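# Structural characterization, general
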Amino acid sequence: MQKVILFDLDGTLIDSTEAIIESFNNSFKKFGLLPPKEEDILVQIGHPLFDMFVNLGISKEEAQKFVAAYKENYRKIHTKKTKLLPKAKEAVKLAYNSGAKLGVVTTKTGKYSIELLEHFNLMNYFDVLIGSEDVKKHKPNPEPINKALKLLNVTPSNNVYMIGDTCMDMIAAKRAGIEAIGVEFKYTPKEELLKCVKMVKSGVFEAVSNILNN
């Protein structure tokens, strides 16, 4: 049976930490505030931007203008200050050449996600991409995964996988009724990820290889 592999983006296929930190710092400074510590920002990655700012101390009434300032800076730098993670391109190509259907399910804005994947010549390998603007509820809610599967015309089964680096990815996969594999990245300590999923691989290539060998 054909396998389906859904990938998270930040921390799974790409490292956009530099662009994210710079854009957060820029938005706080724009409104005369001291930027948060880098580690406080990193633990928020995977949440929608609005929620990240609220979690970092900005009121809900003010958060949207911080999001707008963030995006104003981010769109200028995101391709220059984002890099592919080791063997990410090889992992996508391996999965694609195996005949699997591929998708991306991310809380990042879809527009920027597509631009980044096109920048790295990877977008053409994916049949679907679900970004933050495509759903009302985000991971760990299963809605983004459910929407991706609907667009792929696929029903949940043990041949459908979600690869991600946060517990939000793993919980969303379980709630959607599909398999989950974690990958190590600095946003979530391995010991925390193991509380949410049984299998954690060192990187996305190892995760894809495991799926294809099962």
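So, how was this worked out
Sequence order as written defines the numbering, with residues in each chain counted from 1. For this predicted model, a pLDDT threshold of at least 70 governs which residues receive local features, and a threshold of 80 or more governs which side-chain atom pairs are given and counted, while totals over whole chains, interfaces and linings are taken from all residues. Just so you know, side-chain values use all the structure's heavy atoms and leave hydrogens and water out. Between 30 and 60 degrees the pair is tilted, below 30 it is stacked and above 60 it is edge-to-face, where a pair is any two Phe, Tyr or Trp rings, Trp via its six-membered ring, whose centres lie within 6.5 Å. Strands here are runs of E lasting at least two residues and helices are runs of H or I lasting at least four, both read from the DSSP assignment and numbered beginning at the N terminus. Here the term buried applies to any residue with accessible area under 20% of the maximum for its type, exposed to any over 50%, and partly exposed to those in between, with areas from a 1.4 Å probe on protein chains only. Relevant arc is that of directions from the helix axis to the C-beta atoms, nothing else. We call two residues in contact whenever any of their non-hydrogen atoms come within 4.5 Å of each other. We call a set of buried residues a nonpolar core when its members are Ala, Val, Leu, Ile, Met, Phe, Trp, Tyr or Cys and they connect through side-chain atoms within 4.5 Å of each other.

Here the structure, examined in full by the defined rule, presents 12 aromatic pairs. On the numbers, 5.6 Å between centres and 15° between planes, the contact of Y70 with Y74 is stacked. Taken as a pair, Y70 and Y74 lie in helix 4 (residues 60-77) at a separation of 4 residues, close to a single helical turn. Judged by its relative accessible area of 5%, Y70 falls in the buried class. Owing to a relative accessible area of 1%, Y74 belongs among the buried residues under this scheme. These aromatic residues form a ring-pair network of at least three members: F24, F28, F31, F53, F66, Y70, Y74 and Y112.

Before going further, it helps to spend a moment on unusual backbone geometry. The peptide bond linking K139 to P140 adopts the cis configuration, its omega dihedral lying at 20°. Along the chain, the position of P140 falls in the loop between strand 5 (128-130) and helix 7 (143-152). In the Ramachandran plot, N121 falls in the positive-phi region, its phi being about 55° despite a non-glycine side chain. Looking at the element boundaries, N121 is found in the loop between helix 6 (110-119) and strand 5. Non-glycine residue N153 carries a positive phi angle of around 60°. With respect to the helices and strands, the residue N153 is situated in the loop between helix 7 and strand 6 (160-164).

So, on to helix 6. Think of an α-helix as turning once every 3.6 residues; residues three or four places apart then point the same way. The set of residues buried in helix 6 consists of G110, Y112, S113, L116 and L117. All buried residues of helix 6 lie within an arc of 160° about the axis, which places them on one face of the element. Buried residues along helix 6 sit against strand 2 (14-15), helix 4, strand 4 (101-105) and strand 5. Positive backbone phi, approximately 55°, marks N121, located one or two places after helix 6.

One broad trend across soluble globular proteins is that nonpolar side chains are buried collectively. In this structure, F7, L13, F24, F53, L102, F126 and I163 are the most contacted members of the largest nonpolar core, which totals 51 residues. With 6 residues, the top contributor of residues to this core is helix 4. Discounting chain neighbours no more than four positions away, the residues touching I163 are I5, L6, F7, D8, T12, M170, I181, V183, V204, A207, V208 and I211. Core analysis: the second largest hydrophobic core is formed by 24 residues, L149, A173, A176 and L193 among them.

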